[in-house]
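Residue-level listing of the chains:
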Protein chains: 2
Amino acid sequence: MITVLAGGVGAARMLAGLMQVTDPSELTAIVNTGDDLVLHGLEISPDLDTVTYTLAGAIDPERGWGLAGETWQAMTTLGRYGGENWFNLGDQDLGTHLYRTARRHAGATLTEVTAEIAAAWGLGLRLLPMTDDVVRTMVTVEDEGEIGFQQYFVGRQHAVAIESVRFDGVESCAPGPDVLAALAEAETVVIAPSNPIVSIGPVLAVPGIRSALEKRRDDVVAVSPIIAGAALKGPADAMLAALGHESSAVGIARIYAEVAGTLVIDEADAHLAAAIEAEGVRCVVAPTIMSTPERSASLGRIVLDSIGSPA
Amino acid sequence: MITVLAGGVGAARMLAGLMQVTDPSELTAIVNTGDDLVLHGLEISPDLDTVTYTLAGAIDPERGWGLAGETWQAMTTLGRYGGENWFNLGDQDLGTHLYRTARRHAGATLTEVTAEIAAAWGLGLRLLPMTDDVVRTMVTVEDEGEIGFQQYFVGRQHAVAIESVRFDGVESCAPGPDVLAALAEAETVVIAPSNPIVSIGPVLAVPGIRSALEKRRDDVVAVSPIIAGAALKGPADAMLAALGHESSAVGIARIYAEVAGTLVIDEADAHLAAAIEAEGVRCVVAPTIMSTPERSASLGRIVLDSIGSPA
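How each quantity is defined
Residues numbered from 1 in each chain as written. Chains lettered and ligands numbered in written order. Predicted model: local features only at pLDDT ≥ 70, side-chain atom pairs only at ≥ 80, totals over all residues. Helix = DSSP H or I, 4+ residues; strand = E, 2+ residues; numbered from the N terminus. Rg over C-alpha atoms; globule rule 2.2 N^0.38 Å. Buried ≥ 20, exposed ≤ 12 C-beta atoms within 10 Å, placed from the backbone. Contact = placed C-beta atoms within 7 Å. Least-squares fit on C-alpha atoms with pLDDT ≥ 70 in both. Pairing = 2+ DSSP bridges. Axes fitted to C-alpha atoms, helices over the stretch in contact; angles between N-to-C directions. Arc of directions from axis to C-beta. Nonpolar A, V, L, I, M, F, W, Y, C, P; charged D, E, K, R; others polar. Parallel < 35°, antiparallel > 145°, perpendicular 65-115°, else oblique. Right-handed = clockwise from strand over helix to strand, strands pointing away. Expected span 1.5 Å × (residues − 1).

### Describing the overall build of chain A
Broken down by element type, chain A carries 13 helices and 14 strands. Scaling as 2.2 N^0.38, a compact globule of 311 residues should have a C-alpha radius of gyration of about 19 Å, and chain A matches this with 19 Å. Oriented by its inertia axes, the alpha-carbon framework of chain A measures out at about 60 × 45 × 40 Å. Counting across all 311 residues of chain A, residues that qualify as buried make up 54%. In chain A, 66% of the contacts between residues at least 6 apart in sequence involve partners at least 24 apart.

Next comes the structure, spelled out in structure tokens:
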């Protein structure tokens with residue numbers, strides 16, 4: 001069994017790759033829910049939906065989020081009223097939020113609803129929210145103070161300087177019912193190339209998860225989301241720098257050093273391998289840009305082979 | 001000033017007619033909210049929306065409810081999950097429910113949100129929900145027991161026999177903030193040709209409304225929703241019969257006798273005028289089928305002229 005700590009887009013591609021090289025029924029993803037929000041009364045789980053839609057082959061390939069063939073009629077009406085429409089909700093996508101909200105109001109846990117949605121899309125792997133409790137990633141930004149993650153990420157298009165990040169509610173949350181077992185039983189744990197601060201950070205902050213990884217650090221492999229100093233997508237690079245980390249594969253190695261014995265970095269960063277090993281982290285160099293299904297599969301194979309093989 | 005007690009479709013046409021023959025700023029509608037429901041976490045007010053969309057000229061002319069040019073993508077996704085999709089929510093229409101729900105969660109009253117939505121559609125009249133509190137029309141149907149009004153009306157397509165109707169919460173609700181003033185200040189009060197049991201019934205059951213009408217019964221004119229024994233639309237006729245009323249203009253006269261001094265009936269029922277007057281209700285005979293804007297306007301004129309004029 002393989003268990004993957006996952007954020008959104010990068011994790012979805014990593015999972016798509018792993019599903020090509022291993023039996024999906026042996027694959028579990030523990031997904032960040034710190035980005036979740038309630039908007040217009042609807043319960044929205046962006047990372048869970050991005051992973052689901054991507055693995056279902058239903059994601060919009062150009063936007064990288066939301067469903068292909070999406071329409072925006074509800075947003076147009078909302079705009080007529082001057083409603084809060086900074087967070088775009090497509091008409092098809094709304095059906096997912098309606099379902100999740102109805103089921104949650106009827107007493108189902110997020111773990112249960114997530115499994116139902118994944119089954120409806122025919123996904124063969126297991127998707128687990130990191131927790132069924134409410135955790136909210138809060139970002140303090142210049143001149144404005146603390147705002148919700150989606151207000152920063154979508155509302156401000158992550159174009160404002162950040163000062164700090166915290167995960168509201170995480171200390172008192174419980175890991176989802178199968179989360180710790182999925183970590184204990186996994187042969188290999190993969191940390192997907194997601195934002196280490198706001199995608200993997202909340203997952204590692206859930207009580208019990210970090211220590212579970214520390215205990216079996218040699219079985220944990222992370223994939224660097226930073227290539228040649230930059231994130232392929234999103235604000236990970238600027239965020240690392242703003243929070244005093246080095247925006248490089250070496251910076252990633254330092255962040256994950258206690259939980260991951262191995263780091264897979266891109267060929268463009270091959271010259272950093274020695275510096276990473278100097279941090280006490282085994283280093284594997286590979287093509288990590290998952291621009292096609294074949295490249296995702298190839299990286300998936302390398303990630304699984306990396307554990308226990310020489311650097 | 002003219003104040004109209006209103007349900008959905010029939011009331012919307014009556015209001016459209018009145019708006020052609022009087023200054024809309026002098027017109028107030030007190031609208032039934034007993035049909036309201038919370039579905040998938042969204043706050044839905046079917047009668048308020050039908051009135052708003054109709055008066056905005058945006059209603060779907062064939063269905064008679066919802067918006068013209070509607071699409072159903074959210075419902076399709078919801079269907080994929082096996083979600084509760086007996087109550088069709090169009091994509092454009094969803095924007096209205098998202099807005100209402102967001103504003104309600106932010107602390108706005110239904111009266112405030114209704115005014116905002118009406119203003120956004122450019123409506124010149126004032127729309128008042130009968131109450132800002134939760135009132136739910138509950139219907140006991142054969143073999144099944146008590147269900148919500150929309151489950152009966154939409155879910156069962158009002159094809160099941162009803163045994164009783166009650167308005168849950170109505171005894172303890174307060175009339176909307178301007179409702180009693182709108183009744184006290186009106187020169188004429190009109191009871192629209194809506195279902196007397198489940199559209200006008202809840203409005204009259206709101207504390208203070210029935211007695212306000214009784215006090216000035218001579219200024220109140222009702223329009224019969226029953227023509228030649230049948231309702232033009234909906235289950236009013238079957239419902240009247242099931243609940244022991246006569247499904248005729250005479251039956252309507254009896255139901256409204258204490259609150260309305262005048263009843264406008266259709267030409268097809270002219271032979272019932274004497275029987276209606278025998279109930280102590282003045283009777284005006286007119287063409288009441290509002291199949292065109294001209295006919296609505298003509299009926300509006302007749303309704304306003306009916307007060308104080310000889311039968």
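### A look at the relation of the copies chain B and chain A
Once turned by 180 degrees and shifted 0.0 Å along the axis, chain B lies on chain A with an RMSD of 0.0 Å. As the rotation angle and translation indicate, the two copies are arranged about a two-fold axis.

### A look at the sheet that holds strand β6 (residues 136-141) of chain A
Residues and elements named next belong to chain A. What the three strands build is an open sheet, ordered β7-β6-β8; its pairing is antiparallel. The open sheet is flanked by β7 (145-148) and β8 (162-168), the only strands paired with a single partner. In this sheet, adjacent strand axes meet at a mean angle of 25 degrees when their direction is disregarded. One ladder, built from four bridges, connects β6 with β7; its direction is antiparallel. When the bridges of β7 are listed, M138 appears paired with G148.

### Focus: helix α5 (residues 110-120) of chain A
All names here are of chain A. Within α5, burial applies to L110, V113, T114, I117 and A118. The buried side chains of α5 occupy one side of the element, clustering within an arc of 135 degrees when seen end-on. On the buried face of α5, the contacting elements are α2 (46-55), α4 (91-105) and β5 (126-129).

### Focus on the environment of D178(B)
Among the structural elements, D178(B) can be located in the loop between β8 (162-168) and α7 (179-185). The exposure class assigned to D178(B) is partly exposed, which follows from the 16 C-beta atoms found within 10 Å.

### Some details on the interface of chain B and chain A
If you look at the interface, chain B gives 27 residues, while chain A gives 27 residues. Those elements that place two or more of their residues in the side of chain B that touches chain A are α3 (73-80), α4 (91-105) and α5 (110-120) of chain B. A per-element tally of the side of chain B that touches chain A places α4(B) first, with ten residues. Across the side of chain B that touches chain A, the residue classes break down as eleven nonpolar, twelve polar and four charged.

### Some remarks on the sheet that holds strand β10 (residues 220-223) of chain A
Residue and element names in this part refer to chain A. Spatially, seven strands are ordered β5-β2-β1-β9-β10-β13-β14 in an open sheet, and the strand pairing comes out parallel. In the strand order of this sheet, the two ends are held by β5 and β14 (282-286), each with one partner. Direction aside, the axes of adjacent strands within the sheet are offset by 20 degrees on average. Where β10 meets strand β13 (residues 262-266), three bridges bridge the pair, whose relative direction is parallel. Paired with V221 across the strands is T262, a residue of β13. Most of the contacts of helix α1 (residues 9-21) go to strand β1 (residues 2-6), to which it runs at about 165 degrees, and overall it touches β1, β2 (27-31), β9 (188-191) and β10.

### Concerning the packing of α1(A) against helix α13 (residues 293-306) of chain A
Residue and element names in this part refer to chain A. Their axes nearest at 7 Å, the elements α1 and α13 cross at an angle of 75 degrees. As judged from the angle between their axes, α1 and α13 are roughly perpendicular. Counting all contacts with α1, which are made through R13, A16, G17, L18, Q20 and V21, the residues of α13 involved are P293, S296, A297, L299, G300, R301 and L304.

### Considering the pairing of strand β1 (residues 2-6) of chain B
Residue and element names in this part refer to chain B. Among the five residues that make up β1, five are buried, leaving the element largely enclosed by the rest of the structure. With burial as the criterion, each face of β1 is covered, one bearing I2, V4 and A6 and the other bearing T3 and L5. Where β1 meets strand β2 (residues 27-31), five bridges bridge the pair, whose relative direction is parallel. Among the inter-strand pairings, V4 is bridged to a residue of β2, identified as A29. Crossover handedness for the path β1 to helix α1 (residues 9-21) to β2: right-handed. Bridge analysis of β1 against strand β9 (residues 188-191) gives four bridges, and the strand direction is parallel. By the bridge assignment, L5 is partnered in β9 with I191.

### With respect to α13(A)
Residues and elements named next belong to chain A. Over its 14 residues, α13 runs 20 Å from end to end, which matches the ideal 20 Å to within 8%, given 1.5 Å per residue. Looking at α13, one finds that the buried residues are S296, L299, G300, I302, V303 and S306. Seen end-on, α13 carries its buried residues on one side only, within an arc spanning 165 degrees. On its buried face, α13 is in contact with α1, β9, β10, β13 and β14.

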